[in-house]
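Coordinates in review
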Amino acid sequence: MKKLCILSLFGALVVLGACGSATKEELASLAAKGYYEHLIHGEYEQFYEGMDQREFTSEADYRSQMLDNLRQFMARQEKEHHGILEVRVSNAATDTVQQFTNVFLVLCFGDSTNEEIVVPMVERNGSWRMK
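About the thresholds
Residues numbered from 1 in each chain as written. Predicted model: local features only at pLDDT ≥ 70, side-chain atom pairs only at ≥ 80, totals over all residues. Heavy atoms only, no water. Pairing = 2+ DSSP bridges. Helix = DSSP H or I, 4+ residues; strand = E, 2+ residues; numbered from the N terminus.

Quick notes on the pairing of strand 3 (residues 114-124)
- Direction of pairing for strand 2 (residues 100-109) relative to strand 3: antiparallel, over a ladder of eight bridges. The residue bridging Leu107 from the neighbouring strand is Glu115, located in strand 3.
- Here strand 2 folds back onto strand 3, and the loop between the two strands holds four residues, one of which, Ser112, carries a positive phi near 75°.
- For strand 3 and strand 4 (residues 127-130), the ladder comprises four bridges, and the chain directions are antiparallel. Within strand 4, the residue paired with Met121 across the bridge is Met130.
- Hairpin connection between strand 3 and strand 4: a loop of two residues separates the two successive antiparallel strands, and Asn125 in this loop has a positive phi of roughly 50°.

What follows is the structure, encoded as structure tokens:
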């Protein structure tokens, strides 16, 4: 499943890049959606790798704490909402002054509720990371 998700995201990025018409918003949206799909499939390491981590000095401790927090977050979502079943992109907008793109994702829960979240994305060396 992990390889399929990664291949799907990679394939979508290649297609958009090949067309030459992919906007920052589209690329940031694909990346954000992909990271959250990793999260809902229990692939916490891949979600963590999508974070912009430049400011952390004690990487090993921070990584361990973040992975624990992600597991706890997903356990709480399972208990309260019967899990997150799907992630959808609703919109994206670039802040040209602060140099990041806000991606609006809709989390679709198992109890039929939805929640829109904002994921600030920043481009670093050609790849999109969650801010």
